Amino acid sequence: MNDFSEEDAFEQAGDRAGGLASRAMAARPAPYLDGLNPQQRAAVEALDGPVLMLAGAGTGKTKALTTRIAHLLNTGHARPNEILAVTFTNKAAREMKTRVARLLGQTVEGMPWMGTFHAICVKLLRRHAELVGLKTNFTILDTDDQIRLLKQLIAAEEIDEKRWPARQLAGLIDQWKNRAWTPAQVPASEASAYNHRGTELYDYYQQRLKTLNAVDFGDLLLHVLTIFREHDDVLAQYQRWFRYILVDEYQDTNVAQYMWLRLLAQGHRNICCVGDDDQSIYGWRGAEVGNILRFEKDFPGATVVKLEQNYRSTPHILAAASGVIDANQGRLGKTLFTDLTEGEKVRLIGHWDGEEEARWIGEEVEAMSGGRRGDTQRSLDDMAILVRASHQMRAFEDRFLTIGLPYRVIGGPRFYERMEIRDAMAYFRLAVSPDDDLAFERVVNTPKRGLGDKAQQKIQVTAREHGVNLVDGARILLSEKGLGGKGAAELRVLVDSIARWHDLAVGPVRAAPVEDGLVLEDLSQPDPRTRLSHIELAEQILEESGYTAHWQTDKTPEAPGRLENLKELVKALEQFENLQGFLEHVALIMDNETEEQGAKVSIMTLHAAKGLEFPCVFLPGWEDGLFPSQRSMDESGLKGLEEERRLAYVGITRAEEVCTISFAANRRVYGQWQSALPSRFIDELPEAHVDVLTPPGLYGGGYGAAGMSASASPKVMAEAGSNLHDRAAGANAYNSPGWRRMQERSQSRPMSQPRESRNMVIDMTASSSFTEGDRVFHNKFGYGTVAGIEGDKLDIEFEKAGRKKVVAKFIIEADRADDVPF
DNA sequence: GAAATCTTGCTTTTT
DNA sequence: GCAAGATTTC
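The shown structure was predicted, so the numbers you read here are calculated from the model rather than taken from an experiment. (Residues numbered from 1 in each chain as written. Chains lettered and ligands numbered in written order. Predicted model: local features only at pLDDT ≥ 70, side-chain atom pairs only at ≥ 80, totals over all residues. Heavy atoms only, no water.)

(A) Spotlight on the protein's contact with DNA strand C. For DNA strand C, the full set of nearby residues is Lys162, Arg394, Tyr670 and Gly671. For DNA strand C, the fraction of protein-proximal atoms (within 4 Å) that sit in sugar or phosphate groups is 50%. Side-chain polar atom of Lys162 to a phosphate oxygen of DNA strand C: 3.0 Å apart, as the coordinates give it. Partitioned by chemical class, the residues of the surface near DNA strand C number one nonpolar, one polar and two charged. (Near = heavy atom within 4 Å. Polar contact = N/O pair within 3.5 Å; in protein donor to acceptor, adjacent residues only side chain to side chain. Nonpolar A, V, L, I, M, F, W, Y, C, P; charged D, E, K, R; others polar.)

Right, here's the structure in full:
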């Protein structure tokens, strides 16, 4: 878990003899190379110089990457601690470690530099913290703390947080950090951000972090980058040290990560980047596809290897995925192929509404798991439902709950993000370091101690006046009798407790005799005299703080679960030597791998599905506006659409054997019914590889009779839209015949459709046609008169409900109100 | 200071 | 339609 001990290997950097000797060693046999195809083998054996491995979905990328590491080690090109191998997630790092170990048939002795960008940066930053004005024991803030800190700054600047939310500022700062801009480097073009105060507040925020001896996630990279840029000697040391650099998911790197890598790679120029431009789906959080597209320019003379043989999916699935991704511009261009010949076509089905879609998928899952769908009986573990947006999950959860189908949601709120875990962690943080003001703020009134805003403000003021941390501030406030009543007594107990916990966690500063004089004892070890393990200490903290009791008396349905989580948390401590080590781990490794037993269908977002594969995949909600997401297209235009298309590609390529795409004509969005057209990506599915499922009559009147799809069946759409000639002739998804036909059909919607959704359509097209004085009707507020128009909102004087501003699409002309139920 | 009520604004998410 | 946050009420 904690690999810091392994760092010692680096300390002996001066002693190169061992390394050189092992490097000079003749290559040992390499049985691990046998199972590779020619491209994989090329990627593994091109050890020196820059290498770009373009690895399509399911082409054995991790295999090639791990074999390459094994090969580097086996041939003596590098010692384990001279290889820098970066991933984005802890999961990927872990997988890489175990697979390298398996290849070499032994545990890899210390690969301390294999990990996420962030984990590696923490290591680097702890060594050189002083170069950016931090102490080596800096704390890493989570998003919660970050927002709280920003809120304080915003309040101090007397900015209206409602108009300029802290989240927005946090997002802005994050983006700037992703681009490797320190406050001084933010370009003038960003000056108008956050009401023209963005840059200034970013600067304040960084100052505040420095005084708190804290960093946020973005800082981990940015600080290290700053150190590299400002201290040539430090950079040179690492450039020399890292003989080989490997990067996973290169298409997901942002500017800061790219610069970081470039600087380090300038030493030996042995950098191997693995990625797939077609799977770049994180542009919205700063990833730059440009990095991978530019690789050959950035690293002249690079070897480029394409892995195109797919070992995952059937030919039809691959063809469908290729058909979709083909529509993107500026790809590096790969064509996946497979040796497989058998396989089902991609299945496409339309539904009347979202509920029916969920019902149908539920039945399919049951049929497949019961072996009732002709062929093989499959485990629920082999099936996944991949959605565009998490709110789509609800329909499936509801449905699966009612039919008793076991499911798991992947990527929900993670364990360490839960409120009770964060609260408990804040107590631990205070015990380890009472200077942690953010932790104090979090728990000072949790559980309720009668210390509200006023009392907290007093503590803040006192602390600031005396220039001390909040715990000491509270202590002073108490001694000055600046606080009365129940709160004072409770605060006294809290402050004393923190001091006691701190002693127990860190131990009093003890002097220990050492050969030449006195040195302080290692404070990271528990004081043997107290004989209190960190686990017992943790339990004691949770008891004495009243936090456990707080949830025991809580009668909300979540309370038992939260207590259970707290127990889990304490249990997780067992794997660590002390509280400090644990806190460090949690700050970076926020994953929750509590694998419950029993086969379950997985439900997750497309983003969460990247890197995973399932025999059967369901891709619901392929409707324009939902997928591709309207917001994506509005905000990022063609770039956004192309990223959505890559998401579609990722989705389809998750499937090994059966891939089922579906869409619904109607869906409830924000409580209102909305009609939607099938996704333009459906038009892009090549007809020859798609099997349109004609829905059985049992949905009587549903799909078959549905207006939208009455005759423009998915079959028609697939035929018309997938025709490559259309695209070649300059037609795009918007004006392909299939698309146009769909739109024509959608105009002449028969009456069988629910009235709400019919009105919705009329409303949307008519929304701009309101004028002041119009008599209108709203479902909830009743009749009223338009008093003003602001963008898409109408200012309406309602007869009963008063004056309100309402989005125009929820308003209809009064004379049409008779169509509206209720 | 805490509970009850009202308003608001809604992708994707890792570290 | 819903959940989180802000505001108002007790």
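From this point, the discussion proceeds with the structure in view.
(B) How the structure looks around the protein's contact with DNA strand B. Taken together, 29 residues surround DNA strand B, and among them Arg388, Ser390, Arg414, Thr605 and Ser632 come closest. Near the protein, within 4 Å, the atoms of DNA strand B are sugar or phosphate in 53% of cases. One of the side-chain nitrogen or oxygen atoms of Arg388 is found 3.0 Å away from a base oxygen of DNA strand B. Measuring from a phosphate oxygen of DNA strand B, one finds a backbone N or O atom of Gly452 at 3.4 Å. Broken down by secondary-structure element, the contributors of at least two residues to the surface near DNA strand B are helix H20 (453-466) and helix H28 (630-653). The leading source of residues in the surface near DNA strand B is H28, at four residues. Its residues placed into classes, the surface near DNA strand B shows six nonpolar, 13 polar and ten charged. (Helix = DSSP H or I, 4+ residues; strand = E, 2+ residues; numbered from the N terminus.)

(C) Broad picture of helix H12 (residues 255-265). The buried fraction of H12 amounts to eight of the eleven residues, a majority that puts the element mostly inside the structure. Those residues of H12 not exposed but buried are Ala256, Gln257, Tyr258, Trp260, Leu261, Leu263, Leu264 and Ala265. The distance from a side-chain oxygen at the start of H12 to the backbone nitrogen of Ala256 is 3.1 Å, and the residue carrying that oxygen is Asn254. (Buried < 20%, exposed > 50% of the residue type's maximum accessible area, 1.4 Å probe, protein only.)

(D) Quick look at the pairing of strand E2 (residues 83-87). Of all five residues in E2, five are buried; the element is thus mostly enclosed. Along E2, one buried face is formed by Ile83, Ala85 and Thr87 and the opposite face, lined by Leu84 and Val86, is buried too. The sheet contact formed by E2 and strand E6 (residues 244-247) spans four bridges and is parallel. Bridge pairing in E6 places Leu84 opposite Ile245. With three bridges joining them, E2 and strand E3 (residues 114-116) adopt parallel strand pairing. Looking at the pairing, Val86 lines up with Gly115 of E3. (Pairing = 2+ DSSP bridges.)

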